[in-house]
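Next come the chains, spelled out residue by residue.
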Amino acid sequence: MHTKTVALEVKAVGTTGGLTEGQFTGYASVFGNVDSYGDVVERGAFTRTLTEWAGKPASIPVLWGHDMNDPFANIGALDHAEEDERGLKVTGTIDLENPTAAQVYRLLQSGRVSSMSFAYLIKESERRGSANHLLDLDLLEVSIVSVPANTEALILDVKARTIPVPGSRARALLRIAGLQR
């Protein structure tokens, strides 16, 4: 293994993954598997409601643990939501001015919380065997949760914590063999 010492200016340490401060991406719902309530969300279940949300001036709220009563549990909003082949993929921004949201963001960054969920009203469903297949839903909110109903509904990425480095110049030892996240 070879190493090289170089002088470089470091303003902050942390990866961005294309996300800005406070942003995260994940799956609020995954298609085709039975969750802990016996429900299966089918592809297309969010098509109508996402179109309706796109026509509203408000964004889909992001809550902590589905808490609709505590205003501090409203921790952010979705920037983007779409159905892809896997499920309801979302990108949201956490309101870092809200103390509860800032704590949830730290939990996400450290990996102590990594699951998502969503609240909904059923417009159309169909019973097949022991599972209730959800075909058309009104999406009310998405939540970051400690324990999800669907264990595959996960946060995929969160902007890594940016750590300021004091001074205008810093010396760093770079391993040319490859940097790990």
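Residues numbered from 1 in each chain as written. Predicted model: local features only at pLDDT ≥ 70, side-chain atom pairs only at ≥ 80, totals over all residues. Heavy atoms only, no water.

### Some points on the packing of aromatic side chains
- Under the defined criterion, the tally for this structure stands at three aromatic pairs.
- Ring pairing ties together the aromatic residues Phe31, Phe46, Phe118 and Tyr120, which thus form one cluster.
- Residue placement shows Lys56 over the ring face of Trp53; its charged tip is 4.2 Å from the ring centre.
- For the cation-ring pair, Arg86 lies above Tyr27, with the distance from its terminal atom to the ring centre recorded as 4.6 Å. (Phe/Tyr/Trp six-rings, centres within 6.5 Å; stacked < 30°, edge-to-face > 60°. Lys NZ or Arg CZ within 6 Å of the ring centre and 35° of its normal.)

### Re helix 2 (residues 99-110)
- Compared with the 16 Å implied by 1.5 Å per residue over 12 residues, the 17 Å span of helix 2 between its first and last C-alpha is a close match.
- Within helix 2 the residues assigned to the buried category are Ala101, Ala102, Val104, Tyr105, Leu107 and Leu108.
- Lining the buried residues of helix 2 we find strand 3 (23-30), strand 5 (61-64), strand 6 (74-83), strand 7 (87-94), strand 9 (131-145) and strand 10 (155-158).
- A side-chain oxygen of the first residue of helix 2 lies 2.8 Å from the backbone nitrogen of Thr100; this N-cap is Asn98.
- Backbone geometry just after helix 2 places Gly111 at a positive phi near 80°. (Helix = DSSP H or I, 4+ residues; strand = E, 2+ residues; numbered from the N terminus. Expected span 1.5 Å × (residues − 1). Buried < 20%, exposed > 50% of the residue type's maximum accessible area, 1.4 Å probe, protein only. Contact = heavy atoms within 4.5 Å. Polar contact = N/O pair within 3.5 Å; in protein donor to acceptor, adjacent residues only side chain to side chain.)

### What about unusual backbone geometry?
- Even without a glycine there, the phi angle at His66 is positive, about 60°.
- By secondary structure assignment, the location of His66 is in the loop between strand 5 and strand 6.
- For His66, a relative accessible area of 29% corresponds to the partly exposed category.

### Overview of the environment of Ile122
- Within the secondary structure, Ile122 sits in strand 8 (residues 115-128).
- Once residues lying within four places of it in the same chain are set aside, the contact partners of Ile122 are Asn132, Leu134, Asp136 and Leu137.

### Concerning the layout of surface pockets
- As a volume, the largest pocket reaches approximately 270 Å³.
- Around the largest pocket, the lining comprises 18 residues; the ones closest to its centre are Asp35, Tyr37, Ser117, Phe118 and Ala149.
- Listed by contribution, the elements that provide at least two residues to the lining of the largest pocket are strand 3 and strand 8.
- In terms of residues, the lining of the largest pocket owes the most to one element, strand 8, which gives four residues.
- Counted by class, the lining of the largest pocket contains 12 nonpolar, five polar and one charged residues. (1 Å grid on protein atoms, 1.4 Å probe; cavity = no way out; pocket = protein on both sides within 12 Å on 5 of 7 lines; lining within 4 Å. Points joined across faces, edges and corners; volume = space filled by probe spheres on them. Nonpolar A, V, L, I, M, F, W, Y, C, P; charged D, E, K, R; others polar.)

Honestly, that's just the spatial picture; any functional story needs more than this.
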